[in-house]
Amino acid sequence: MSTIPPLSLRLGRDGIKALDKIARQRGISRAEAARQAIAETAERERRRRGLAAEARNLVENPEYVREAREVASLMEELRGPR
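Since this is a predicted model, take the numbers as computed values, not measurements.

Q: What's the story with a nonpolar patch on the surface in this structure? I'm lost.
A: On the surface, Val-71, Leu-74, Met-75 and Leu-78 cluster together to form a nonpolar patch covering roughly 410 Å² of accessible area. When you line up the elements, Val-71 lands in helix α3 (residues 62-79). Its relative accessible area of 45% is what places Val-71 among the partly exposed residues.

Here it is in C-alpha cells:
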C-alpha cells in the first residue's frame, strides 16, 4: 500500500473558523474535520450530478412528460375554482 503525501493549504481566517467549528461540534481534530468535509462535499456533488442526470432523462422522455402534464391537469382540476 502506497502512502499518500500530506496536503498543505491555506484556508484563510473564515476557513479556519469554519473548520474549527466543525471539529468542535463533532469532537474531532481539524485534520479529521477537513477529511470529513471534503468527503461529504464530494458525496453531495455526486448525488447532485445523479439527480440532474435523472431529471434530464425524465424531461427527454415523451411518455413521462405526457404523464406529468396529465397529472398536473388533474391536480388543477381537483383544486377547483380560485
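After that view of the structure, there is still more to cover.
Q: I would appreciate a short explanation of helix α1 (residues 12-26) in the present structure.
A: Since the α-helix packs 3.6 residues into each turn, any two residues three or four apart lie on the same face. With 15 residues, α1 should cover 21 Å at 1.5 Å per step; its first-to-last C-alpha distance of 21 Å lies within 8% of that length. Of the residues trailing α1, Gly-27 is marked for its positive phi of about 70°.

Q: I tried to follow the packing of α1 against helix α2 (residues 30-59) on my own but got confused; where do I start?
A: With their axes 9 Å apart at the nearest point, α1 and α2 run at an angle of 100° to one another. By the angle between their directions, the pair α1 and α2 is classed as roughly perpendicular. On the side of α1, the interface is formed by Ile-16, Leu-19, Asp-20, Ile-22, Ala-23 and Arg-26, while α2 contributes Arg-30, Ala-33, Ala-34, Gln-36, Ala-37 and Glu-40. Looking at the contact of α1 with α2, its residues break down into seven nonpolar, one polar and four charged.

The rules we used
- Residues numbered from 1 in each chain as written.
- Predicted model: local features only at pLDDT ≥ 70, side-chain atom pairs only at ≥ 80, totals over all residues.
- Heavy atoms only, no water.
- Patch = residues over 30% accessible without salt bridge, like charges linked within 9 Å, V, L, I, M, F, W, Y side chains within 5 Å.
- Areas by Shrake-Rupley, 256 points an atom, 1.4 Å probe, with all protein chains shown as cover.
- Salt bridge = Lys/Arg side-chain N within 4 Å of Asp/Glu carboxyl O.
- Helix = DSSP H or I, 4+ residues; strand = E, 2+ residues; numbered from the N terminus.
- Buried < 20%, exposed > 50% of the residue type's maximum accessible area, 1.4 Å probe, protein only.
- Expected span 1.5 Å × (residues − 1).
- Axes fitted to C-alpha atoms, helices over the stretch in contact; angles between N-to-C directions.
- Parallel < 35°, antiparallel > 145°, perpendicular 65-115°, else oblique.
- Contact = heavy atoms within 4.5 Å.
- Nonpolar A, V, L, I, M, F, W, Y, C, P; charged D, E, K, R; others polar.

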